[in-house]
Amino acid sequence: QVQLVESGGGLVQAGGSLRLSCAASEIIFSINIMGWYRRAPGKQRELVASINNAGTTNYADSVKGRFTISRDNAKNTVSLQMGSLKPEDTATYYCNLKRFSPYRDDWGQGTQVTVSS
């Protein structure tokens, strides 16, 4: 099992920025997708953004234009640059790695992001 370690969460005022980072414990050679999910209190976990190892990205409509996901395959890291933060972005953010041959789904421990109004 690949270990995923997140960092970069915290408290920020509305309109501010934060950068989340996630490091995988080993090099991933197979086709994979790395992503960020979030779970707000009382809500289900939702996809925020994902990026495959070819660099193709996918964003939730609610964060398009505000968040940018990127990855460094050589360093086994994925980052999420969050801007124009809103109170509704408050959640625990989880790093995720999906591999497909065979299928595996690994999660980080989560990092809290709190946006104050």
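Remember, predicted model here, so these are calculated numbers, not experimental data. Within each chain, residues carry numbers counting from 1 in the order of the written sequence. Given that this is a predicted model, residues contribute local features only at a pLDDT of at least 70 and side-chain atom pairs are listed and counted only at 80 or more, while totals for whole chains, interfaces and linings are drawn from all residues. For side-chain calculations, the full set of non-hydrogen atoms in the structure is used, while hydrogens and water are omitted.

Q: Is there a simple way to explain the pattern of salt bridges in this structure?
A: As a working rule, side chains carrying opposite charge can pair if their charged atoms are close by. We count a salt bridge whenever a side-chain nitrogen from Lys or Arg sits within 4 Å of a carboxyl oxygen from Asp or Glu. In the structure shown here, the tally under the stated rule is 6 salt bridges. Residue Glu46 pairs with Arg38 through a salt bridge whose shortest N-O separation is 2.7 Å. Each residue gets one of three labels from its accessible area relative to the maximum for its type: buried under 20%, exposed over 50%, partly exposed in between, using a 1.4 Å probe on protein chains only. Arg38 sits in the buried class, given a relative accessible area of 5%. Between Asp89 and Arg66 there is a salt bridge, with its nearest N and O atoms 2.8 Å apart. On the criterion of sequence distance, the pair formed by Asp89 in the loop between β8 (77–82) and β9 (91–100) and Arg66 in the loop between β6 (57–59) and β7 (67–72) is long-range, its members being 23 residues apart. Arg66 gets classed as buried once you look at its relative accessible area, which sits at 14%. Look at the salt bridges and you will find they share partners, linking Arg38, Glu46, Arg66 and Asp89 into a network. Counting from the N terminus, the helices are DSSP H or I runs at least four residues long and the strands are E runs at least two residues long.

Q: Looking at this model, I keep getting lost on the packing of aromatic side chains. Mind explaining?
A: Think of a pair of aromatic rings as described by two things: how far the centres are apart, and how the planes are tilted against each other in angle. Ring pairs shown here join Phe, Tyr and Trp side chains whose ring centres sit within 6.5 Å, with only the six-membered ring taken for Trp; geometry is labelled stacked below 30 degrees between planes, edge-to-face above 60, and tilted in between. Taken as a whole and assessed by the stated rule, the structure comprises 2 aromatic pairs. With a centroid separation of 5.0 Å and an interplanar angle of 65°, the aromatic rings of Tyr37 and Trp107 are classed as edge-to-face. With Tyr37 in strand β4 (residues 32–39) and Trp107 in strand β10 (residues 103–107), the pair connects residues that are 70 residues apart, well separated along the chain. When its relative accessible area of 25% is taken as the criterion, Trp107 is described as partly exposed. Criterion for a charge above a ring: Lys NZ or Arg CZ within 6 Å of the ring centre, and within 35 degrees of the ring normal. The cationic tip of Arg45 hangs over the ring face of Trp107; the distance from NZ or CZ to the ring centre is 3.9 Å.

Q: What am I meant to see in the side chain of Arg99 here?
A: Turning to its location among the elements, Arg99 is positioned in strand β9. Any pair of N or O atoms that falls within 3.5 Å is considered a polar contact. Within protein, one atom must be able to donate a hydrogen and the other to accept it, and sequence-neighbouring residues count only if both atoms are side-chain atoms. One polar contact links Arg99 to Asp106, side chain to side chain, over a distance of 2.6 Å. The contact criterion used throughout is that any non-hydrogen atoms of two residues lie within 4.5 Å. If we ignore the near neighbours within four places in the chain, the residues touching Arg99 are Val2, Ile28, Ser30, Ile31, Asn32, Arg104 and Asp106.

Q: I'm lost on the sheet that holds β8 in this one. Help?
A: Backbone-to-backbone hydrogen bonds pair the strands of a sheet. The strands run either parallel or antiparallel. Read from one edge to the other, the open sheet built from 4 strands follows the order β1-β3-β8-β7, with strand pairing classed as antiparallel. Every other strand in the sheet has two partners, leaving β1 (4–7) and β7 as the edge strands with one partner each. Taken over all neighbouring pairs, the strand axes of this sheet differ in orientation by 15° on average, direction set aside. Here 4 bridges tie β1 to strand β3 (residues 18–24), and the two strands are oriented antiparallel to one another. If you follow Leu4 over to β3, its bridge partner there is Ala24. Paired strands are those between which DSSP finds at least two bridges. The convention used is that axes are lines fitted to C-alpha atoms, helices contributing only their stretch in contact, and that angles between N-to-C directions extend from 0 to 180 degrees.

Q: Could you clarify how one ought to interpret unusual backbone geometry in this entry?
A: With the exception of glycine, most residues fall at negative phi, and the peptide bonds are largely trans. Geometrically, the link from Ser101 to Pro102 is a cis peptide bond, its omega value of -10° lying close to zero. Mapped onto the elements of the fold, Pro102 is located in the loop between β9 and β10. Phi at Asn76 takes a positive value of approximately 60°, unusual for a residue other than glycine. Relative to the assigned elements, Asn76 resides in the loop between β7 and β8. Of note, the phi angle at Ser84 is positive, near 45°, even though the residue is not glycine. With respect to the helices and strands, the residue Ser84 is situated in the loop between β8 and β9.

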